[in-house]
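Results of the structural survey
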Amino acid sequence: MTRSESLFQKAVKVIPGGVNSPVRAFGSIGSTPKFIKSAQGAYLYDEDGNRYLDFVGSWGPMILGHSHKTVVESVTEACQRGLSFGAATALEVEMAELVCGMIPSVEMVRMVNSGTEAVMSAIRLARGFTRRDKIIKFNGCYHGHSDGLLVQAGSGAMTSGVPDSLGVPAEYTKDTLSADYNNLDSVRVHFQRCGEEIAAVIVEPVAANMGVIPPEPGFLEGLRKLCDQYGALLIFDEVITGFRLGLEGAQGYYGVTPDLTVFGKIIGGGMPVGAYGGKRQIMELVSPVGGVYQAGTLSGNPIAMTAGIAQLTLLKEHPEYYQQLNAMGEWFYGEIQTIVKEADLPYQVTHVGSLGCLYFTGQKIVDDKSAKTSDRKAFAHFCNEMLKQGLYLAPSQFEAMFLSLAHTREMLEQALKCMEQYFQ
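This write-up is about the structure you can find in this document. Since this is a predicted model, take the numbers as computed values, not measurements.

**Considerations on the overall build of the protein**
Of regular secondary structure, the protein possesses 15 helices and 14 strands. Against the compact-globule benchmark of 22 Å for 424 residues, the protein has a radius of gyration of 21 Å, which places it among compact chains. Over its C-alpha atoms, taken along the principal directions, the protein stretches across nearly 55 × 55 × 45 Å. Expressed as a percentage of its 424 residues, the buried residues of the protein come to 56%. Counting only contacts in the protein whose residues sit at least 6 apart along the sequence, the fraction spanning at least 24 positions is 71%. Looking at the protein as shown, the accessible area adds up to about 18200 Å², and 51% of this sits on carbon and sulfur atoms. Each charge class in the protein was averaged separately, 35 positive and 44 negative side chains, and the resulting centres sit 4 Å apart.

This is the structure:
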């Protein structure tokens, strides 16, 4: 028995399912989790001494690679000054100025501790600002595990086959309306039926919790127009895309401006953090200056702020990093598509910048319905075989692959050879 297997046997006795988040479970691919001991650059090292080329990157934040020297040194120094104060710090101001200076649509920002918390707070703010109750979300898009949004959620819920959750009262979701991603007509129907009751539309500008699904031309622009027409707010959930596709996130990448934006992952440099921000007139409704209550004892934690500032500053100082990373993604995912095409296999590869996904289906992927046509058994076999070859992929068909600046062409060429051999 490996040490990872032994640890898992212990874990299931004291942790539900043996993991602290469903995305870490390997049950959907018929395996058990690899327990990671350390990480450096583009590699993970498990408790058994195995090395893996990492395509998860802690689910996105490790855009510079693991244990980046500048980030680690900054955090180490900050730890000497104290781990948490529960009081205002200069670091919070610096972080807020960084975010507001990089994202034109964000004039004010509030730090929180997770993407789930940020989304929950942004929706409460949208409802408070518009004095309306209903929210439109998209089938297959995941916005955290708050009660009102566990309706047709993505990633973990799609993998387990449970789209909703026990323990969520029907009253909590009665004001959550579901539409189909990349289908403006499905959104328009809701607005035509009850437009004056809709507070906001929340969307992943690139759907990255049912694999990776780019927005069709005109989709995001259409959402902007519908929100303007009916007086609703447009919320971009950029927990995954924020500061990954570019300095201005997906909104800069696609040229569509939301009213509120939700951030996470990258702005903490790997530490637990989230944030939401937007127009000043909206954000000034947040307590203590406004009537929309939101609080958090650990919000703006000095260690998380330090890690985030170090990472965002490097990205801001080197905008060419995004050109390099996106070009690498274009090449790498293009090569995977070539491999499966030459093998005459009915597979689809989708990607935006450094995000990508391989679906085991011949159907074009545009929404959750088409994503679900992927053969999950085929994916499970592929994922397990790649693990044996030292490639660490997310143990779910409906998660993204992430590239980092620590990935080299040589590393990726070796990964492509493994995939090519598998599909021959």
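**Re helix H8 (residues 219-230)**
The periodicity of an α-helix, 3.6 residues per turn, causes residues three or four places apart in sequence to face the same way. Along its twelve residues, H8 runs 17 Å from first to last C-alpha, staying within 8% of the 16 Å computed at 1.5 Å per residue. When H8 is considered as a whole, its buried residues turn out to be Phe219, Leu220, Gly222, Leu223, Arg224, Leu226 and Cys227. At its buried positions, H8 is contacted by strand S5 (134-138), helix H7 (184-194), strand S7 (198-203), strand S8 (233-237) and helix H9 (249-254).

**Observations regarding the packing of helix H2 (residues 69-81) against helix H11 (residues 302-317)**
H11 packs onto H2 with a crossing angle of 150 degrees between their chain directions and a minimal axis gap of 9 Å. When the interaxial angle is binned, H2 and H11 end up roughly antiparallel. Relative to H11, H2 is oriented so that their crossing is right-handed. In this structure, H2 contributes Thr70, Val71, Ser74, Val75, Ala78 and Cys79 to the contact, and H11 contributes Ile303, Thr306, Ala307, Ala310, Gln311 and Leu314. Here the residues of the contact of H2 with H11 are counted per class, giving eight nonpolar, four polar and no charged.

**Quick look at the sheet that holds strand S1 (residues 36-40)**
One open sheet accounts for four strands, arranged S1-S2-S3-S13; its pairing is mixed. Each edge of the open sheet carries a strand with a single partner, namely S1 and strand S13 (391-392). Here strand S2 (residues 43-46) runs beside strand S3 (residues 51-54); their pairing, made up of three bridges, is antiparallel. Its bridge partner being in S3, Leu44 is matched across the sheet by Tyr52.

**Points about the nonpolar core**
Counting 74 residues, the largest nonpolar core has Phe55, Val99, Phe243, Leu312, Phe332 and Met419 as its most contacted members. Residues contacting Met419, with those up to four places away along its chain left out, are Phe332, Ile336, Ile339, Phe382, Met386, Leu391 and Met401. The next biggest cluster of nonpolar side chains, apart from the first, holds 40 residues, and it includes Ala207, Met210, Leu223 and Ile365.

**Looking at the packing of helix H12 (residues 320-342) against helix H15 (residues 409-423)**
With their axes 10 Å apart at the nearest point, H12 and H15 run at an angle of 15 degrees to one another. One element, H12, and the other, H15, form an angle in the roughly parallel class. In this structure, H12 crosses over H15, and the sense of that crossing is right-handed. Residues Met328, Trp331, Phe332, Glu335, Ile336, Ile339 and Val340 of H12 touch H15, and the partners they reach there are Arg409, Leu412, Glu413, Ala415, Leu416, Met419, Glu420 and Phe423. Of the residues that constitute the contact of H12 with H15, the class distribution is eleven nonpolar, no polar and four charged.

**Focus: the side chain of Ser370**
Note on placement: Ser370 falls in helix H13 (residues 368-371). Residue classification places Ser370 among the buried residues on the basis of a relative accessible area of 1%. Of note is the side chain of Ser370, whose polar atom sits 2.9 Å from the backbone nitrogen of Val366. Within the structure, Ser370 has its side chain in polar contact with the side chain of Asp367 (distance 2.9 Å).

**A word on helix H14 (residues 376-388)**
The end-to-end C-alpha distance of H14 is 18 Å, a good match for the 18 Å that 13 residues give at a rise of 1.5 Å each. Where H14 is concerned, the buried positions are Ala378, Phe379, Ala380, Phe382, Cys383, Asn384, Met386 and Leu387. The secondary structure elements touched by the buried residues of H14 are S3, strand S12 (355-359), S13 and H15. At the N-terminal end of H14, a side-chain oxygen is found 3.0 Å from the backbone nitrogen of Lys377, two or three residues along, and the residue is Asp375.

**Looking at the packing of aromatic side chains**
Taken as a whole and assessed by the stated rule, the structure comprises 19 aromatic pairs. With centroids separated by 5.5 Å and ring planes inclined at 75 degrees, the aromatic side chains of Phe138 and Phe219 adopt a geometry described as edge-to-face. In this pair, Phe138 sits in strand S5 while Phe219 sits in helix H8, placing the two residues 81 residues apart along the sequence. A network of ring pairs unites the aromatic residues Tyr347, Phe360, Phe379, Phe382, Tyr422 and Phe423 as a single cluster. If you follow Arg51 out to its NZ or CZ, it ends over the ring of Tyr43, 3.9 Å from the centre.

**Some thoughts on the pairing of strand S10 (residues 274-278)**
Counting buried positions along S10 yields five of five residues, so the element is predominantly enclosed. Looking at chain direction, strand S4 (residues 108-112) and S10 are connected through five bridges and run antiparallel. Within S10, the residue paired with Val109 across the bridge is Gly277.

**Thoughts on the pattern of salt bridges**
All told, the structure shown has 13 salt bridges when counted by the stated rule. Ionic pairing is found between Lys369 and Asp180, a salt bridge with its closest N-O pair at 3.1 Å. Here Asp180 lies in the loop between strand S6 (176-179) and H7 and Lys369 lies in helix H13, a separation of 189 residues in the sequence. Taking the relative accessible area as the measure of exposure, Asp180 reaches 16% and is therefore buried. The residue Asp259 makes a salt bridge to Arg224 at a minimum N-O spacing of 2.8 Å. Residue Asp259 is found in the loop between H9 and strand S9 (260-264), and its partner Arg224 is found in helix H8; the two are separated by 35 residues along the sequence.

Here is what the cut-offs are and how they apply
Residues numbered from 1 in each chain as written. Predicted model: local features only at pLDDT ≥ 70, side-chain atom pairs only at ≥ 80, totals over all residues. Heavy atoms only, no water. Helix = DSSP H or I, 4+ residues; strand = E, 2+ residues; numbered from the N terminus. Rg over C-alpha atoms; globule rule 2.2 N^0.38 Å. Buried < 20%, exposed > 50% of the residue type's maximum accessible area, 1.4 Å probe, protein only. Contact = heavy atoms within 4.5 Å. Areas by Shrake-Rupley, 256 points an atom, 1.4 Å probe, with all protein chains shown as cover. Lys, Arg positive; Asp, Glu negative; His and termini not counted. Charge placed at Lys NZ, Arg CZ, Asp CG, Glu CD. Expected span 1.5 Å × (residues − 1). Axes fitted to C-alpha atoms, helices over the stretch in contact; angles between N-to-C directions. Parallel < 35°, antiparallel > 145°, perpendicular 65-115°, else oblique. Left-handed = near helix turned anticlockwise from the far one by under 90°. Nonpolar A, V, L, I, M, F, W, Y, C, P; charged D, E, K, R; others polar. Pairing = 2+ DSSP bridges. Core = buried A, V, L, I, M, F, W, Y, C linked by side-chain atoms within 4.5 Å. Polar contact = N/O pair within 3.5 Å; in protein donor to acceptor, adjacent residues only side chain to side chain. Phe/Tyr/Trp six-rings, centres within 6.5 Å; stacked < 30°, edge-to-face > 60°. Lys NZ or Arg CZ within 6 Å of the ring centre and 35° of its normal. Salt bridge = Lys/Arg side-chain N within 4 Å of Asp/Glu carboxyl O.

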